[in-house]
Amino acid sequence: MAVKDRDRFSTTTRIKLLGEQTAARVYRSQTKRQARRSRLTGRAALLALVLCTLIVALAYPMRQYVSQRAEVDDLQRQQDQARQRVEQLRDVKARWQDDAYAEQQIRERLHYVMPGETGYIVIDPDAAKQSRAELGAADRPWYANVWDGVDKSDAADQ
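Our subject in this report is the structure included herewith. Keep in mind that what you see is a predicted model, and the values were worked out from it rather than measured.

**Looking at a nonpolar patch on the surface**
On the surface, a cluster of nonpolar side chains totalling about 1,000 Å² of accessible area is made up of Leu-46, Leu-47, Leu-49, Val-50, Leu-51, Leu-54, Leu-58, Met-62, Tyr-65 and Val-66. Along the polypeptide, Met-62 turns up in helix α3 (residues 42-97).

**A word on unusual backbone geometry**
Even without being a glycine, His-111 presents a positive backbone phi close to 60°. Its place among the elements puts His-111 in the loop between α4 (99-110) and α5 (125-134).

**Looking at the packing of α3 against α4**
In contact at an axis separation of 5 Å, α3 and α4 are set at 90° when each is read in the N-to-C sense. By the angle between their directions, the pair α3 and α4 is classed as roughly perpendicular. Two secondary-structure elements touch here, α3 through Arg-95, Trp-96 and Gln-97 and α4 through Asp-99, Tyr-101, Ala-102, Gln-105 and Arg-109.

Conventions used here
- Residues numbered from 1 in each chain as written.
- Predicted model: local features only at pLDDT ≥ 70, side-chain atom pairs only at ≥ 80, totals over all residues.
- Heavy atoms only, no water.
- Patch = residues over 30% accessible without salt bridge, like charges linked within 9 Å, V, L, I, M, F, W, Y side chains within 5 Å.
- Areas by Shrake-Rupley, 256 points an atom, 1.4 Å probe, with all protein chains shown as cover.
- Salt bridge = Lys/Arg side-chain N within 4 Å of Asp/Glu carboxyl O.
- Helix = DSSP H or I, 4+ residues; strand = E, 2+ residues; numbered from the N terminus.
- Axes fitted to C-alpha atoms, helices over the stretch in contact; angles between N-to-C directions.
- Parallel < 35°, antiparallel > 145°, perpendicular 65-115°, else oblique.
- Contact = heavy atoms within 4.5 Å.

Below, the structure is given as structure tokens:
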């Protein structure tokens, strides 16, 4: 037992014990520091800054690109509609070059008749009354409005 007590108080044993205690304290402080240490390192912060800068720098050009693509698509659609309209007008022009079609349209629209034929226009009295009633005061001639006023005043007296 005396040897053990002597070893316990020897300089070598004390130095070893002191080294172990110091190493344990350093290890504990490093683990605490690592636990407290934020996960955001300098490299990660720099990377985040670069990415944010790129996003901000590219936001306006991307918006311009998208709006210009939409404008180009709209112009192409208008161009297609114009082409279709031109084709329709060419078809109408070709039809008018045909004498039979021109004659049919002249008879229908202008009420022309060929020599020897008798032209008739059938007027439906109900349709005439209905169309007259549908016209507003501004769409009719002035004398029709005056005559309607006379009729209304006459009807009110009776």
